[in-house]
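The residues making up each chain are set out below.
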Amino acid sequence: MATLDQIIDDFSFLDDWEDRYRYVIELGKALPELAEEKKTSENKVMGCASQVWLVTHTSGNPDNPLMTFEGDSDAHIVRGLVAIVLATYSGKTASEIASLDAFEIFSRIGLTENLSSQRSNGLRSMVNRIREEARVRAAAA
């Protein structure tokens, strides 16, 4: 799976939206499939037009745990967006996640400017869910 730095670097070489769109789909194809038993209503992200599932794992310091995520979608482009969200947040501590504005990064690489309003809302729902989970875990300290 691509790292956030790789994704940012790759986006810098793609000038038109068609190339970026294809790249996002490729990121989605490289995303490991989520096991069927994890595609539950509890893991489903509300506010997405497509079906999206996110699974959170924590480890380490309970006061500021390291958080990793798994995710999947039933739509190709949305799977790619899930891959970008996971690259942005997975492997960081709860406090880092709570303070990280993914939309500043997405805007900088030109990801959000050509998304439909439905996809933008879905992307916002994924980010908000991850950041809220991180806030709760960081506040539990």
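Before reading further, recall that the structure is shown in the block above.
Predicted, not measured: the structure shown is a model, and the values here were computed from it.

Engineer: Help me understand the overall build of the chain in this model?
Structural biologist: Of the regular secondary structure elements, the chain holds six helices and three strands. Of the regular secondary structure in the chain, the N- to C-terminal order runs α-α-β-β-α-β-α-α-α. Relative to the globule expectation of 14 Å for 141 residues, the C-alpha radius of gyration of the chain, 15 Å, shows essentially globular dimensions. Dimensions of the chain, computed from C-alpha atoms along their principal axes, come out at roughly 45 × 30 × 25 Å. In the chain, which comprises 141 residues, the share counted as buried stands at 45%. Across the chain, contacts joining residues at least 24 apart in sequence account for 60% of those joining residues at least 6 apart. Summed over its atoms, the accessible surface of the chain is roughly 7,300 Å², and 48% of this surface lies on carbon and sulfur atoms. With 15 positive and 22 negative side-chain charges, the chain shows a spacing of 4 Å between the two charge centroids.

Engineer: I tried to follow the pairing of strand β2 (residues 66-73) on my own but got confused; where do I start?
Structural biologist: Every other side chain in a regular strand lies on the same face of the sheet, so the side chains alternate between the two faces. In terms of strand pairing, strand β1 (residues 52-59) meets β2 through eight bridges, oriented antiparallel. Looking at β2, one finds that S59 is bridged to L66. Counting the residues between successive antiparallel strands, the hairpin from β1 to β2 contains six residues, one of them, G60, with a positive phi of roughly 80°. For β2 and strand β3 (residues 92-93), the ladder comprises two bridges, and the chain directions are antiparallel. From the neighbouring strand, L66 faces β3, where its bridge partner is T93.

Engineer: Teacher, can you tell me more about the packing of aromatic side chains here?
Structural biologist: Both the distance between ring centres and the angle between the ring planes are used here to describe each pair of aromatic rings. On inspection of all chains with the given rule, the structure shows three aromatic pairs. Taking 5.6 Å as the distance between ring centres and 80° as the angle between the ring planes, the aromatic pair formed by F103 and F106 counts as edge-to-face. Here F106 and F103 lie together in helix α5 (residues 102-108), a separation of three residues that amounts to about one turn. For the cation-ring pair, R124 lies above F103, with the distance from its terminal atom to the ring centre recorded as 4.4 Å.

Here is what the cut-offs are and how they apply
Residues numbered from 1 in each chain as written. Predicted model: local features only at pLDDT ≥ 70, side-chain atom pairs only at ≥ 80, totals over all residues. Heavy atoms only, no water. Helix = DSSP H or I, 4+ residues; strand = E, 2+ residues; numbered from the N terminus. Rg over C-alpha atoms; globule rule 2.2 N^0.38 Å. Buried < 20%, exposed > 50% of the residue type's maximum accessible area, 1.4 Å probe, protein only. Contact = heavy atoms within 4.5 Å. Areas by Shrake-Rupley, 256 points an atom, 1.4 Å probe, with all protein chains shown as cover. Lys, Arg positive; Asp, Glu negative; His and termini not counted. Charge placed at Lys NZ, Arg CZ, Asp CG, Glu CD. Pairing = 2+ DSSP bridges. Phe/Tyr/Trp six-rings, centres within 6.5 Å; stacked < 30°, edge-to-face > 60°. Lys NZ or Arg CZ within 6 Å of the ring centre and 35° of its normal.

It is worth stressing that arrangement in space is one thing and function is another; only the former is reported here.
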